[in-house]
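# Understanding the architecture of this molecule
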Amino acid sequence: MSPKLSGGAASADTLAALLSSPEIKRLIAELEETRWTGRPGFPIRTMVGLALAKSLYALPTWTRTVALVADHWRLQRALGCEGNPPSQWSAYRFAAKLRENAPAVERCIDGVVEGLKAKLPLYGRDLAIDASDMPAYANGQRYVWKGGPERNWHTDPDATWGHRSAIATRKGGGFFGYRLHAAVCANTDLPIAWTVETGKANESMFVASLLDAAKRRGAMAVTCAMDKAYDLPRVYGECAERDCEAIVPLRATGAVVKNEHRPPGCQHGVWVFAGADRKRSATKWRCPTGECKPASTWVKADRLRPLMPRESKRWKAAYRKRGAVEREFGRLKNQWGLKPLRVRGLERVRLHADLTILTKLACALARVRAAATPPLSASRGTPRAAASPAAIRSRSAVRRN
Ligand SMILES: [Zn+2]
């Protein structure tokens, strides 16, 4: 059993720290204002803590979360329910309350992202967008057997069949369920905006809304790296409208086969890139020897010839950062309990994803805040560097030594 799953002191402390952060306190206060009437329940703080513990311990169900808390007095103390742990029924009722109050959860996520943005100036400057499949807690078969009766339980009415592309370790193919569409910061590996949609929804339809959500949370993305599935003129346009450079490799469409994406040329050779003008949305190209008249020309930026040429080192470096979104999907699924789904219906799956990512971001925020607080022994006069990831890394390295 990993130390994370043992319900040890360290994770109970993490939980207590999350519950005392201003962003989570605000969520608790907002939910307290809408206190349900009638049935006497557990304090909202206890139930919010239970929801955070579920992701913190990567548990797929409320039943297992409730059982873990029942077994560990440290967790009960952190949640303020010593000797009286919540039941799974109270957990289900609380999950329903969270779904009804989705805007409060959203505001809490906004607050955590804004908090991170204040500490990590690079957070959200370069994004990587992708979609990842979340197989449903149902198998997608409409009939109990071929020609048999229709299934009426263990089905998920919102899940649909989608296609997932092949990756290094897995073949492509169909899956039944949902997809998480996410914009992840390529500099910090932290998500900044996301949405859960049904499996068949096309990934390219969510770029604009993800960029807008990131902007609302204070991140003006400069570049956005995406894979070939996003190589559509509309996606480039949506990014350009938001002053963001789409970093997408070309699919072999007709124009690409005809080499229309190549730099212009003349008898002196291939023309050289001589800069981009964002305002006129065009790139400048020059005759290699300068003998042509005119010796340079402007090319309107589009999918085939973007403002940042695909041959440039900058483009290649920006595209390499796309790995951030893949890595984050892996971590969310394997370390934070995003997978496997044990709920059905779009609203419940959305809440599951929101709580998982909120917990992860809240932990990241607690860490950067702790790292940015000068220890008592530190000399007062030294100005501290901004809390960039590199600065935090070097600082924690110092602390380890
Ligand atoms: Zn020439």
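Here, the structure is the one placed above.
Presented here is an overview of the structure given in this document. (Residues numbered from 1 in each chain as written. Predicted model: local features only at pLDDT ≥ 70, side-chain atom pairs only at ≥ 80, totals over all residues. Heavy atoms only, no water.)

Next up on the list: the sheet that holds strand β11 (residues 296-300). Sheet architecture is open: 3 strands sit in the order β9-β10-β11, paired in antiparallel fashion. The two strands at the open ends of the sheet, each matched to only one other strand, are β9 (272-277) and β11. When the angles between neighbouring strand axes are averaged without regard to direction, this sheet yields 25°. Note that β9 and strand β10 (residues 282-286) share 4 bridges and pair antiparallel. Opposite Phe273, over in β10, you have Trp285 as the bridge partner. (Pairing = 2+ DSSP bridges. Helix = DSSP H or I, 4+ residues; strand = E, 2+ residues; numbered from the N terminus. Axes fitted to C-alpha atoms, helices over the stretch in contact; angles between N-to-C directions.)

The next thing to look at is unusual backbone geometry. For the bond from Lys293 to Pro294, the omega torsion is -10°, close enough to zero to count as cis. For Pro294, the position within the fold is in the loop between β10 and β11. The residue after Lys339, namely Pro340, is reached through a cis peptide bond having omega -5°. Here Pro340 lies in the loop between α12 (323-335) and α13 (346-372). Notably, Asn259 is not glycine yet its phi reads approximately 65°, a positive angle. If you trace the backbone, Asn259 turns up in the loop between α10 (254-257) and β7 (265-266). For Asn259, a relative accessible area of 42% gives the class partly exposed. One non-glycine residue, Ser281, lies in the positive phi region at around 50°. Tracing the backbone through its elements, the reader meets Ser281 in the loop between β9 and β10. (Buried < 20%, exposed > 50% of the residue type's maximum accessible area, 1.4 Å probe, protein only.)

Let us look at the pattern of salt bridges. Applying the stated criterion to the full structure yields 24 salt bridges. In this structure, the salt-bridge partner of Glu23 is Arg369, at a minimum N-O distance of 2.8 Å. Residue Glu23 is located in helix α2 (residues 22-33), and its partner Arg369 is located in helix α13; the two are separated by 346 residues in the primary sequence. Judged by its relative accessible area of 27%, Arg369 falls in the partly exposed class. For Arg242, the salt bridge identified is with Glu241, shortest N-O distance 3.6 Å. Overall, Arg242 belongs to the partly exposed group, its relative accessible area being 25%. Overlapping salt bridges, with partners in common, bring together Asp189, Arg327, Glu328, Arg331 and Lys360 in one network. (Salt bridge = Lys/Arg side-chain N within 4 Å of Asp/Glu carboxyl O.)

The reference angle at a metal is 109.5 degrees if four donors form a tetrahedron and 90 or 180 degrees if six donors form an octahedron. Only Cys266 (SG), His268 (ND1), Cys287 (SG) and Cys292 (SG) from the protein coordinate the zinc ion, and they sit 2.0 to 2.3 Å from it. Between the 4 donor atoms coordinating the zinc ion, the angles at the centre fall across 101 to 117°, so the site counts as tetrahedral. Sequence spacing among the residues donating to the zinc ion works out to C-x1-H-x18-C-x4-C. Within this pair, whereas His268 is found in the loop between β7 and β8 (269-270), its partner Cys287 is found in the loop between β10 and β11, the two being separated by 19 residues in sequence. Note on Cys287: relative accessible area 3%, which makes it buried. (Donors = N, O, S within 2.8 Å, 3.2 Å for Na, K, Ca; no water. Tetrahedral: all angles 85-135°; square planar, octahedral: opposite > 155°, others 65-115°.)

Attention now moves to the environment of Leu120. By the secondary structure assignment, Leu120 is in the loop between α7 (102-119) and β1 (126-135). By relative accessible area, Leu120 is classed as buried at 4%. A sequence separation of 67 residues divides Leu120 from Asn187, and the C-alpha atoms of the two residues are 9.7 Å apart.

Glancing now at the packing of aromatic side chains. Applying the stated criterion across every chain yields a total of 4 aromatic pairs. Seen from their ring centres, Trp89 and Tyr92 are 5.6 Å apart, and the 70° between their planes marks the pair as edge-to-face. Placement of both Trp89 and Tyr92 in helix α6 (residues 88-100) is noted, with a separation of 3 residues, approximately one turn of the helix. By relative accessible area, which is 54% here, Trp89 ends up exposed. Between Trp161 and Phe176 the ring centres are 5.4 Å apart and the planes differ by 50°, which places this aromatic pair in the tilted class. Residue Trp161 is located in strand β2 (residues 160-164), and its partner Phe176 is located in strand β3 (residues 173-185); the two are separated by 15 residues in the primary sequence. Here Lys54 stacks its cationic end above the ring of Trp62, 5.1 Å away from the centre of that ring. When the ring centre of Trp298 is taken as reference, the NZ or CZ atom of Arg280 above it lies at 4.0 Å. (Phe/Tyr/Trp six-rings, centres within 6.5 Å; stacked < 30°, edge-to-face > 60°. Lys NZ or Arg CZ within 6 Å of the ring centre and 35° of its normal.)

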